[in-house]
Amino acid sequence: MKPFPRFWLVVAIVAVVALAVVNHALLLDAVSTEAGNRAFAAVFVVRAELPRLAMALVAGAALGLSSALLQRVLRNPLAEPATLGLSAGAQLAMVAATVVLPAAMAYPTAVAFAGAAAAAVLVLAATARRRFEPLSVILTGMMVSLTATAGAAAVILASGDYMTGLFIWGGGDLTQDGWAPTLRLAAILVAAGCGTLLALRPLALLTLGDAEAKAAGLATGTLRLAVIALAVWLAAATTAEIGIVGFIGLAAPLIARLIGVRSSTGRLVAAPLAGALLLSLADGAVQLAGHLTGLRIPTGAATALIGGPLILALVPRIVNLTRPDVLPAATFLARRPAGPVLAVLAVVLAVTIALALTAGRGVDGWHVDAANADWRLARVGLLAAAGALVGMAGTVVQRLTGNPMASPEVLGVGVGAGAGLAAVLVAVPVAGLGMQAAGMLAGAVLTLFALLAFVRRHGFGAERLLIAGIALGALLSSVLTSVIATGSPAGFLLLGWVSGALIEPSWSMAAGTAAILAGLTPLVILNARALAILPLGETAARSLGLATARTRAGLVLIAGAAAAASTLSIGPMSFIGLIAPHLARSLGLGRPLAHLAGAMLAGAALTIAADWLARMIAFPYQLPLGLFAALIGGGYLAVRFARGARGGA
């Protein structure tokens, strides 16, 4: 990696200072138009503007140091609080404490630390058997983050409050009212810095390798736990004060390398400085945009606009994030006769459909009434077709990448559909369902082709595909967050779609989704041989005569089309695309066609069950389908991890 010209570092510092000066002038102009307001302006500068600038510097430094420590001990260049789910875990703990145990919020950092630590334990426990393989750690962190975010939203909904505030705070808000939060975080940063200084020599020994470090008398396990705890503390404290700010921690260590800092110790010093500079730059740009346009965008959304392109820039440099020695053997072993297993899954689906059609709750309590089947049939048919599409997409993605922790969400197709919907709603606030569907379809297709074009240009490796999908998803998520944060009618509609609130279904929607399912299924069947060979690896696939680049491109198109079609019908469905193939494989369906059929049956059953439970569990209120599906999926993963399940089992 070539050293980054330090000239640009100077330019960035000048830009931060220039933005601060311009924002200060615009602020004074806004609040000092009359002579009587000048005293207020002076108070505002001291209690709001200067603390916000200081908070950007301190929080950026804390995120930079936290990420540098995590990357050092996990040997993962993509590790940071957001990608590991630490920030989302801290957010969930604080939301739950605010609603359930308000007295605990007298100690916000402790509450946030508990949530972030729980997320860290879950991620590390889930990937320990794969020896913390970088790609599996990131994918697991993303799943934990989705679950925690869904849980936080569910708590807010259950409490009767509106969810917009959660999205705005969760997007990272640096607005300050006094110096106390900045001073608290600064004190924690200083304490963590002292702890880092004490760990410099042991960390240097750890760089030599675990065997050499142990030979020198270093307790490597204890050191890793201590350093991770320090990083979690920094991340939790930052989240407690300003919410979730992603990708600053990813960018800061990278910038340290780009400016020519070669030593590991030097990077631990340079990363906090780079983080402080980056967050100040992003927050200054957000404030300037607010002054000029009147739109108040969360700073965390702006940092995602930085982080997404940054990950894309890193994709060509990603080499072998997956290790062949830790790929799950269960993908190819532990097969059972497919017929009986598929029959059981079909019976489960039939029972689930019957339950959703006839059973429910009313003012008189639970009841079973076949008369309800007529008006529920279109809804259940739509859910079944969309769930089968999600199961299909998940199966293709997992076999395509050879990683059982992969899912359609990592392709960014669902978020791309949301970005298309956001564009339509902003441009035409009164757009009908037809125009909204067209916008979502266009967004999904454009995202898919952008992903294919980018990855094909830089080599079609499975790890590059996954990481590029995560980057595109983060980039487009910032667009959604920005629109939601405006509080406009478009933002309210988009919020409902993001949470998976199912619009009123119709027979035409159900028939269209079923037609797409019927059209895509033969295409996947024709690629059964490729789905059996691709998990063996690039070399084995080519030696068996498979045109890997063309085959992968075709399979990505199929998976993307399936994910886009389901998203158009029922909104984003986190985890169903992960859980359905995982469940089918755990039942012994190892061959491609059996695995596909099992995942489609499981996906349909899980989607219908999630919708039924979302309508019944909090009656007369209805929880959003997407949020409830994420909670079910997260619970399934937690149980599997607690039992020590292997990734492919």
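Coordinates for the structure precede this section.
Keep in mind that what you see is a predicted model, and the values were worked out from it rather than measured.

Chemist: Outline empty space enclosed by the protein, listing residues and values.
Modeler: All told, the structure shown has 8 cavities of 30 Å³ or more when counted by the stated rule. Of all the secondary structure elements, the ones that give two or more residues to the lining of the second largest cavity are α2 (38-74) and α4 (108-127). A per-element tally of the lining of the second largest cavity places α4 first, with 3 residues. When the residues that make up the lining of the second largest cavity are grouped by side-chain class, the tally is 8 nonpolar, no polar and no charged.

Chemist: Which residues make up the environment of Ser478, and what values go with them?
Modeler: Topologically, Ser478 is positioned in helix α17 (residues 462-485). With 63 residues separating them along the chain, Ser478 and Val415 place their C-alpha atoms 9.9 Å apart. Discounting residues that sit within four places of it in the chain, Ser478 has contacts with Ala301, Ala304 and Leu305.

Chemist: Account for the packing of helix α14 (residues 373-401) against helix α23 (residues 576-586), with residues named and values stated.
Modeler: Contact geometry of α14 with α23 gives a least axis separation of 7 Å together with a crossing angle of 70°. By the criterion of interaxial angle, the relationship of α14 to α23 is roughly perpendicular. In this structure, α14 uses Val390, Gly391, Gly394, Thr395 and Gln398 to contact α23, whose residues at the interface are Ile576, Gly577, Leu578, Ala580, Pro581, His582 and Arg585.

Chemist: Residues and numbers for a nonpolar patch on the surface, please.
Modeler: Residues Val46, Leu50, Leu53, Leu57, Trp179 and Leu183 make up a contiguous nonpolar surface patch of roughly 520 Å² in combined accessible area. At 4 residues, α2 tops the list of elements feeding residues into the nonpolar patch. By relative accessible area, Leu183 is classed as exposed at 55%.

The rules behind each value
- Residues numbered from 1 in each chain as written.
- Predicted model: local features only at pLDDT ≥ 70, side-chain atom pairs only at ≥ 80, totals over all residues.
- Heavy atoms only, no water.
- 1 Å grid on protein atoms, 1.4 Å probe; cavity = no way out; pocket = protein on both sides within 12 Å on 5 of 7 lines; lining within 4 Å.
- Points joined across faces, edges and corners; volume = space filled by probe spheres on them.
- Helix = DSSP H or I, 4+ residues; strand = E, 2+ residues; numbered from the N terminus.
- Nonpolar A, V, L, I, M, F, W, Y, C, P; charged D, E, K, R; others polar.
- Contact = heavy atoms within 4.5 Å.
- Axes fitted to C-alpha atoms, helices over the stretch in contact; angles between N-to-C directions.
- Parallel < 35°, antiparallel > 145°, perpendicular 65-115°, else oblique.
- Patch = residues over 30% accessible without salt bridge, like charges linked within 9 Å, V, L, I, M, F, W, Y side chains within 5 Å.
- Areas by Shrake-Rupley, 256 points an atom, 1.4 Å probe, with all protein chains shown as cover.
- Salt bridge = Lys/Arg side-chain N within 4 Å of Asp/Glu carboxyl O.
- Buried < 20%, exposed > 50% of the residue type's maximum accessible area, 1.4 Å probe, protein only.

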